[in-house]
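Chain residues, written in single-letter form:
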Amino acid sequence: MDALREWFATHPAASSLTATIALLLAAWVGDRIAKRFLFRALRKLVERSPFEWDDALLDDRVLARAAHVVPVLILYIGLPLVPVMSGDFREIITGGFGAAIIALLAFVVSGLLDGVARAYALRPDAAERPIKGYIQLVQIGVFIVAGVLVLSTLTGRNPGVLLGGIGAFTAVLLLVFRDTILSLVASLQLTSNDMVRIGDWIEMPKYGADGDVIEIALHTVKIQNWDKTITTIPTHKLIEDSFRNWRGMSESGGRRIKRSLNLDMNAVRFLTPAEIEEFSRWELLRDYMAGKRERLRQWRAENPAEEGVIAETRNLTNLGTFRAYVLAYLRAHPRIHDEMTLLVRQLEPGPEGIPLQVYAFTNDTRWATYEGIQGDIFDHLLALLPEFGLRPFQAPAGADVQGLKTGGGENP
């Protein structure tokens, strides 16, 4: 052993090379031990845990980043033990390893913060109060501090001096982080006022967004449109510009139907006695027809016609009776919300006929179901128009024009 020491003392280059190889070997062994034993055992312990939050907090990315710290730390500690190395060179290498340790630790902390966000997302109320924006803000702070410490380690200066120098560039920093500051304020307003949650259906036509919110971060809000494309909107734009949130509709339990049938004005007329008798037997019109007939009888009894004078013509119309039928039909419909507004109203006549508008709410807010309910209702009403002597108004189609030219069709 003494002879070996004497040989190394007389051969400094070999001594330095041997120490360097031994240090690198120790770093490699430390890396293998950390990855294959320590962190693998920790991973198994986490997997066997009955809790879910620890799986999100300590995932493979966090453990892999932490494992990289071990070999760098061994090199940082063992480097001063390598003989025959100039002080300046050793200081530079040691500073480099120290900066690497700080950077790796910053990435580990960032990974842990991502794990906190994932663990928080497991909570049932996570969609109502997302924290990803705050997590990203803390991560920015961690990397700023790590950057200052890395510069301090590499230059050998006091971190306070560097921070003092940064204060002189406050205006520049405000300009550089303008979007971050705006997004932070917007995130606070969105969260505190409960304006947007993950899972909300929002519309923002200015940015071509129409779909579900899938992520609320510090800088951006991601929306998955109905065609499965993704629209990314800066967070502060949700405060600057207007958008529509359909959450209120979903929570109310009712979805609005607001659609009109355009009817031909030339088809509006009085009902014949036979039609009055016929509609009086319809279940949905029985009460309406009985009430109308009784009021007409009373009016005629109180206002007898004078001889030779034409009395005021007062009778039931096919359009009024159809409007009463539609209202009764909707009230009896099992998929129409009976505690929300229900109207069947006649809008102002125009060049496209008389619009008869249905204003109601379905009791199922699911999109596909809602469209099915709405379609079934208007299919039924369109098919029933001829029973009341009414016609839908529509512009002539190609077949109509061709029929008129050949004499094969007649305009009713």
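Residues numbered from 1 in each chain as written. Predicted model: local features only at pLDDT ≥ 70, side-chain atom pairs only at ≥ 80, totals over all residues. Heavy atoms only, no water.

### Comments concerning helix α14 (residues 318-332)
Taking 1.5 Å as the rise per residue, α14 with 15 residues should run 21 Å; its terminal C-alpha atoms sit 21 Å apart, in good agreement. Listed as buried for α14 are Asn318, Leu319, Gly320, Thr321, Phe322, Ala324, Tyr325, Val326, Tyr329 and Leu330. Of the surrounding elements, those touching the buried residues of α14 are β6 (255-263), α12 (273-279), α13 (286-302), β7 (343-346), β8 (354-362) and α15 (367-384). (Helix = DSSP H or I, 4+ residues; strand = E, 2+ residues; numbered from the N terminus. Expected span 1.5 Å × (residues − 1). Buried < 20%, exposed > 50% of the residue type's maximum accessible area, 1.4 Å probe, protein only. Contact = heavy atoms within 4.5 Å.)

### So, the nonpolar core
Generally speaking, soluble globular proteins have nonpolar side chains that are buried together. Judged by nonpolar contacts, the single largest core of 34 residues is most densely connected at Phe322, Ile377 and Phe388. Counting only elements with at least two residues in this core, the list comes to β6, α12, α13, α14, β8 and α15. The element that contributes the greatest number of residues to this core is α14, accounting for seven residues. Counting 11 residues, the second-largest nonpolar core is a separate cluster that includes Leu190, Val213, Ile216 and Ile233. (Core = buried A, V, L, I, M, F, W, Y, C linked by side-chain atoms within 4.5 Å.)

### Regarding the pattern of salt bridges
Overall, the coordinates contain 11 salt bridges when judged by the stated rule. A salt bridge links arginine 269 to glutamate 275; its shortest N-O distance comes to 2.8 Å. Across the salt bridge formed by glutamate 277 and arginine 293, the nearest N and O atoms sit 2.7 Å from each other. Within this pair, whereas glutamate 277 is found in helix α12, its partner arginine 293 is found in helix α13, the two being separated by 16 residues in sequence. On the basis of relative accessibility, which here comes to 38%, the residue glutamate 277 falls in the partly exposed class. When salt bridges with common partners are traced through the structure, they connect Arg335, Asp364 and Arg366 into a single cluster. (Salt bridge = Lys/Arg side-chain N within 4 Å of Asp/Glu carboxyl O.)

### A word on the confidence of the model for the chain
Counting all residues, the mean pLDDT for the chain is 79, and 73% of those residues have values of 70 or more. Averaged pLDDT values for the elements of the chain fall to 51 in helix α1 (residues 2-10) and rise to 95 in β8. (pLDDT = per-residue confidence, 0-100.)

### Some words on the side chain of glutamate 203
Within the secondary structure layout, glutamate 203 lies in strand β1 (residues 201-204). The side chain of glutamate 203 is buried and forms no salt bridge, while arginine 244, the nearest opposite charge, is found at 4.1 Å. Here the side chain of glutamate 203 touches tryptophan 246 through a polar contact of 2.7 Å, side chain to side chain. Excluding residues within four positions of it along the chain, glutamate 203 makes contact with Ala209, Asp210, Phe243, Arg244 and Trp246. (Lys, Arg positive; Asp, Glu negative; His and termini not counted. Polar contact = N/O pair within 3.5 Å; in protein donor to acceptor, adjacent residues only side chain to side chain.)

### Some words on the sheet that holds β6
One open sheet accounts for three strands, arranged β6-β8-β7; its pairing is antiparallel. A strand with exactly one partner marks an edge of an open sheet, and here the two such strands are β6 and β7. Pairs of neighbouring strands in the sheet enclose a mean axial angle of 15 degrees, with direction left out of account. Summarising the sheet, β6 and β8 pair through nine bridges and their orientation is antiparallel. (Pairing = 2+ DSSP bridges. Axes fitted to C-alpha atoms, helices over the stretch in contact; angles between N-to-C directions.)

### Some words on the sheet that holds strand β4 (residues 230-234)
Spatially, β4-β3-β2-β1-β5 is the arrangement adopted by the five strands of the open sheet, whose pairing is antiparallel. Sheet topology places β4 and β5 (244-245) at the edges, where each strand pairs with a single neighbour. Of the pairings in the sheet, the one linking strand β3 (residues 220-225) to β4 comprises five bridges and is antiparallel in character. Paired with valine 221 across the strands is isoleucine 233, a residue of β4.

### Description of the packing of α14 against α15
At a closest axis distance of 12 Å, the pairing of α14 and α15 adopts a crossing angle of 150 degrees. Here α14 lies roughly antiparallel to α15, going by the angle between them. Here the hand of the crossing between α14 and α15 comes out right-handed. For the pair α14 and α15, the contacting residues are Phe322, Tyr325, Val326, Tyr329 and Leu330 in the first and Ile377, His380, Leu381 and Leu384 in the second. A breakdown of the residues in the contact of α14 with α15 according to their chemical character gives eight nonpolar, one polar and no charged. (Parallel < 35°, antiparallel > 145°, perpendicular 65-115°, else oblique. Left-handed = near helix turned anticlockwise from the far one by under 90°. Nonpolar A, V, L, I, M, F, W, Y, C, P; charged D, E, K, R; others polar.)

### Brief notes about the environment of leucine 184
Turning to its location among the elements, leucine 184 is positioned in helix α9 (residues 178-192). Overall, leucine 184 belongs to the partly exposed group, its relative accessible area being 22%. Separated by 34 residues in the primary sequence, leucine 184 and leucine 218 place their C-alpha atoms 6.2 Å from one another. Discounting residues that sit within four places of it in the chain, leucine 184 has contacts with Leu137 and Leu218.

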